[in-house]
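Take a look at the letters that make up each chain.
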Amino acid sequence: HFNWVTLHSLSIVDHSRFDSGFVGYSRKLAEIAGDNTTLFHYEYFNRYPVVFPVLANAFLDRFRESAEGYLLASKQIMNLVYVATLLFLYLSLRAMRFSKLVSWLSLLSVGASPLWLHYRPMFHFDQPGLLGYVLCMYGYTVLARQETSRAEQSRNSIVFLVCSAIGCLLGRSFIAVFFLA
């Protein structure tokens, strides 16, 4: 499962290009019809927003010469997504006025859990989706703070809108949109 999901997701990322309308797919099957025309059937389209696969594809293009380098680079992308998720989770807890100690302990208990650590280096689309959800949560917690100055309220609204837009574009946007509603 671990390797299959990684290779399957990387295939979707590899096909997230301009010529396919940035919609990745894992397999392209050809069929020759009775009139000798070739029909193509695409299987397993990317069901997530195209931002993450397109950006990952642009980055991974630099490593196409070496399979080892390509897989290592894909794992490093997921490590960055993992660290960014933990960072915004910590910032969300602090924005909710939890103490630094409680925020760090919560972060360590979640970030060091076997489930998170097992799937951390696996290239898949759920981890960017989780990052998007945490970004939306952070934006909401910043917006919900009761600040007194007009400038702080304006800044918090901008942080909320930016985090919400990026969060919804990273993946699982339908969950993020329901969370924001």
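Calculation criteria
- Residues numbered from 1 in each chain as written.
- Predicted model: local features only at pLDDT ≥ 70, side-chain atom pairs only at ≥ 80, totals over all residues.
- Heavy atoms only, no water.
- pLDDT = per-residue confidence, 0-100.
- Helix = DSSP H or I, 4+ residues; strand = E, 2+ residues; numbered from the N terminus.
- Core = buried A, V, L, I, M, F, W, Y, C linked by side-chain atoms within 4.5 Å.
- Buried < 20%, exposed > 50% of the residue type's maximum accessible area, 1.4 Å probe, protein only.
- Contact = heavy atoms within 4.5 Å.
- Pairing = 2+ DSSP bridges.
- Phe/Tyr/Trp six-rings, centres within 6.5 Å; stacked < 30°, edge-to-face > 60°.
- Salt bridge = Lys/Arg side-chain N within 4 Å of Asp/Glu carboxyl O.

Peer 1: Which parts of the structure should I look at to understand the confidence of the model for the chain?
Peer 2: If pLDDT is low for a region, its predicted coordinates should not be looked at in detail. Averaged over every residue, the pLDDT of the chain is 86; the share at 70 or more is 92%. Mean pLDDT across the elements of the chain ranges from a minimum in helix H8 (residues 173–180), with 64, to a maximum in helix H3 (residues 67–95), with 94.

Peer 1: I would appreciate a short explanation of the nonpolar core in the present structure.
Peer 2: As a rule of thumb, nonpolar side chains are buried together in soluble globular proteins. Within the largest apolar cluster, 22 residues are counted, with the highest numbers of intra-cluster contacts made by Val13, Phe52, Leu60, Ile77, Phe123 and Phe125. Listing elements by their share of this core, those giving two or more residues are helix H1 (2–14), helix H2 (51–60), H3, helix H6 (126–144) and helix H7 (150–170). For this core, the element with the highest residue contribution is H3, accounting for 6 residues. Setting aside its immediate chain neighbours within four residues, Phe123 contacts Val5, Thr6, Ser9, Leu10, Val13, Phe52, Ala56, Ser74, Ile77 and Met78. Ranked by size, the runner-up nonpolar core spans 8 residues in total, among them Leu86, Leu89, Trp116 and Val134.

Peer 1: Help me out: how do you make sense of the side chain of Ser16 in this one?
Peer 2: Tracing the sequence through the fold places Ser16 in the loop between H1 and strand S1 (25–32). If we skip the residues at most four places from it in the chain, Ser16 touches Phe22, Val23, Gly24, Pro53, Val54 and Asn57.

Peer 1: Looking at this structure, how should I read the environment of Leu86?
Peer 2: Mapped onto the secondary structure, Leu86 falls in helix H3. Distance from Leu86 to Val134, taken between C-alpha atoms, is 8.8 Å for residues 48 residues apart in sequence. Excluding residues that lie within four positions of it along the chain, Leu86 makes contacts with Leu107, Gly111 and Trp116.

Peer 1: Just to check I follow, could you spell out the pairing of strand S2 (residues 38–45) for this structure?
Peer 2: Across 7 bridges, S1 lies against S2 in antiparallel orientation. Counted as the bridge partner of Glu31 is Leu39 from S2.

Peer 1: Would you explain unusual backbone geometry in this entry?
Peer 2: Negative phi characterises most residues that are not glycine, and trans characterises most peptide bonds. With phi around 65°, Phe22 is a residue other than glycine that occupies positive phi space. Residue placement: Phe22 occurs in the loop between H1 and S1. For Asn36, which is not glycine, the phi dihedral falls at a positive 65°. With respect to the secondary-structure elements, Asn36 resides in the loop between S1 and S2.

Peer 1: What am I meant to see in the packing of aromatic side chains here?
Peer 2: Each pair of aromatic rings is reported with the distance of its centres and the angle of its planes. Evaluation of the coordinates by the stated rule reveals 9 aromatic pairs. Between Tyr25 and Tyr42, the ring centres sit 4.8 Å apart and the planes meet at 65°, which makes this aromatic pair edge-to-face. Taken together, the residues span a long stretch of sequence, with Tyr25 in strand S1 and Tyr42 in strand S2 at a distance of 17 residues. A relative accessible area of 9% means that Tyr25 is categorised as buried.

Peer 1: Would you take a moment to explain the pattern of salt bridges for this structure?
Peer 2: Side chains that differ in charge, positive against negative, can pair when their charged atoms come close. Taken as a whole, this structure holds 6 salt bridges when the rule is applied. In this structure, Arg17 and Asp14 form a salt bridge, with 3.4 Å as the shortest nitrogen-oxygen distance. Owing to a relative accessible area of 28%, Arg17 belongs among the partly exposed residues under this scheme. Asp14 sits in the partly exposed class, given a relative accessible area of 24%. Between Arg27 and Glu43 there is a salt bridge, with the nearest N and O atoms lying 2.2 Å from each other. With Arg27 in strand S1 and Glu43 in strand S2, this residue pair connects regions lying 16 residues apart in the sequence. Judged by its relative accessible area of 45%, Arg27 falls in the partly exposed class.

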